[in-house]
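# Architecture at a glance
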Amino acid sequence: MSYTERLSAIIEEKRDAIIEVSDGVWDHPELGFREEKSAEILCAALEKEGFHVERTVGGMNTAFIGSYGSGTPIVAILGEFDALSGLSQVPGSTEKKAIPGDENGHGCGHNLLGSGALAAAVALRYYMEENNIAGTIRYYGCPAEEAGAGKTHLVRDGYFDDVDLALTWHPSSHNKIWTEGSLACLGGSYRFEGTSAHAAASPHLGRSALDAVELMNVGVNYLREHVIQEARIHYAITNAGGFSPNVVQPEAEVFYYIRAPRVKQAREIMERVNNVARGAALMTGTTAIIPRVSGLSDLVPNTTLQKLMFEQFEALGVPTFDDKEQDFAEKLQATLTEQELQSDINGIKALQGKAISDILEPFEETNAIMFGSTDVGDVSWKVPTAQCNTATWVVGTPAHTWQAVSVGRTSQAHKATLHAGKVIAATAIAALLNPEVIEQAKQELADRTDSDPYMSPLDPGYNFYDLYQKPKVEL
């Protein structure tokens, strides 16, 4: 029996337990740094399988590391489990319908991500034991990928310094190896302090913080024309200063994200945004509180590991789905617009007319950038990193939508999640059995980063509590 067959068999033996974890996390959609129930579900599952679990890693209550084995190489498997606000949705439904009393939902499929990574870690644990393979497996329970960048904090604090390779995956409507880069993303909440006054009787005595926020937003909108083409700037007013129009607003706040291909570029743009904020304060007679910078880094591709992962994916094939799953997928796909559908298909002829992907997309080295952001990027600057996608979602599904939430507790999502676990586990074993590949991956990382060393996107002294107290924002 090949290692891919044996790893697949182990995961199938554990199928019910892994699905129970996935559905348990789906049932408790918690926002970043608040994922107490979700983290405990995963910790308990790891401990049941013999992993030593260290909780509250890096001072973060919902960060944890589950370890098994000893010595080197050290394989990191990255798990996530945070949800998104405003995406409550009845599972398995083909119409948008919130669950009464709930606000959050797993619109990025992190309930699946965490449990698929768990499946890989568990399969590795048994296969390595059965075959006397030396090394250590670490499951990294990484909080707040959507808002807060838990991995960035773990990288800064040295938790990946001794790791030899890192593997993960992400729910998707595709079966593929993730070869694109991503954008670095910096963020912060700009607060303005003014003076309250009666808006009719004595407006001349007031200094409006809300005016400052609005002027800042106008100024930044003019700035957009004069930054590099790949940059992205977006904001949300998180405090408009109150609900009474007859009171000059004494305080107001706006949260900004600045994205660019490199952290250095994003920092340069952010300083220009800072100056716009200072100008808005000067114009309104208010005080601008400039935030300390939080954020995450761009993703460094590792072709060596990506090719190795593609070979395992080819050997395993793609997940298959029955008529009932196809029927549900077709009905859910009908809720998507043609623009959403074609944007996701992106010219891949083999996906036209299909509700669920049944192909493994060819491996292609590329310099393309995925214009979102992920804190996997910070890990990839320190450790050779690879990740795959499997078809947990219906073709055409955008991330962060009710459709992604709805499908996240279905048999389609479960099958694709378990398959991702098989691909990750097989990639790890292939690397452990061929240590020269690990060295090649490390050398590739060194070559890619030698002239551009890692720079943490976090300001000195910044910690996740600075964002934890802020309004709910998403990457």
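Throughout this description, residue numbers start from 1 for each chain and increase along the sequence as written. Only residues with pLDDT of at least 70 get local features here, since the model is predicted, and only at 80 or more are side-chain atom pairs given and counted; chain-wide, interface and lining totals rely on the full set of residues. As a rule here, side-chain values cover all heavy atoms of the structure and leave hydrogens and water aside.

Secondary structure follows DSSP: runs of H or I at least 4 residues long count as helices, runs of E at least 2 residues long count as strands, and numbering of each begins at the N terminus. Within the fold, K176 resides in strand β6 (residues 176-177). Burial classes follow relative accessibility: with a 1.4 Å probe on protein chains only, a residue under 20% of its type's maximum area counts as buried, one over 50% as exposed, and anything between as partly exposed. Its relative accessible area of 17% is what places K176 among the buried residues. Think of a polar contact as two N or O atoms within 3.5 Å of one another; within protein, one of them needs to be a possible hydrogen donor and the other a possible acceptor, and neighboring residues in sequence only count if both atoms come from side chains. Within the structure, the side chain of K176 is placed 3.0 Å from the side chain of E180, a separation counted as a polar contact. Residues contacting K176, with those up to four places away along its chain left out, are F313, L360, E361, C388 and N389. The contact definition used throughout considers only heavy atoms, calling two residues in contact when any of these lie within 4.5 Å.

A separate point is the pattern of salt bridges. Definition used for salt bridges: Asp or Glu carboxyl oxygen within 4 Å of a side-chain nitrogen of Lys or Arg. Applying the stated criterion across every chain yields a total of 26 salt bridges. One salt bridge connects K14 with E49, and the closest N-O pair in it is separated by 3.1 Å. Linking K14 in the loop between α1 (3-13) and α2 (15-27) with E49 in the loop between α3 (36-48) and β1 (52-55), this pair joins segments that are 35 residues apart in sequence. On the accessibility criterion, K14 (21% relative accessible area) is partly exposed. K307 serves as the salt-bridge partner of E365, at 3.5 Å between the closest nitrogen and oxygen. Residue E365 is located in the loop between α10 (338-345) and β13 (369-370), and its partner K307 is located in helix α8 (residues 303-316); the two are separated by 58 residues in the primary sequence. Of the residues examined, K307 reaches a relative accessible area of 39% and is grouped as partly exposed. A network of salt bridges, in which partner residues are shared, links R6, E13 and E130.

So, about the environment of A281. Here A281 shows up in helix α7 (residues 263-284). Relative accessible area serves as the criterion here: at 6%, A281 is assigned to the buried category. C-alpha separation for the pair A281 and D211, spaced 70 residues apart in sequence, amounts to 9.0 Å. Other than its neighbours up to four places away in sequence, A281 contacts F192, T286, T287 and A288.

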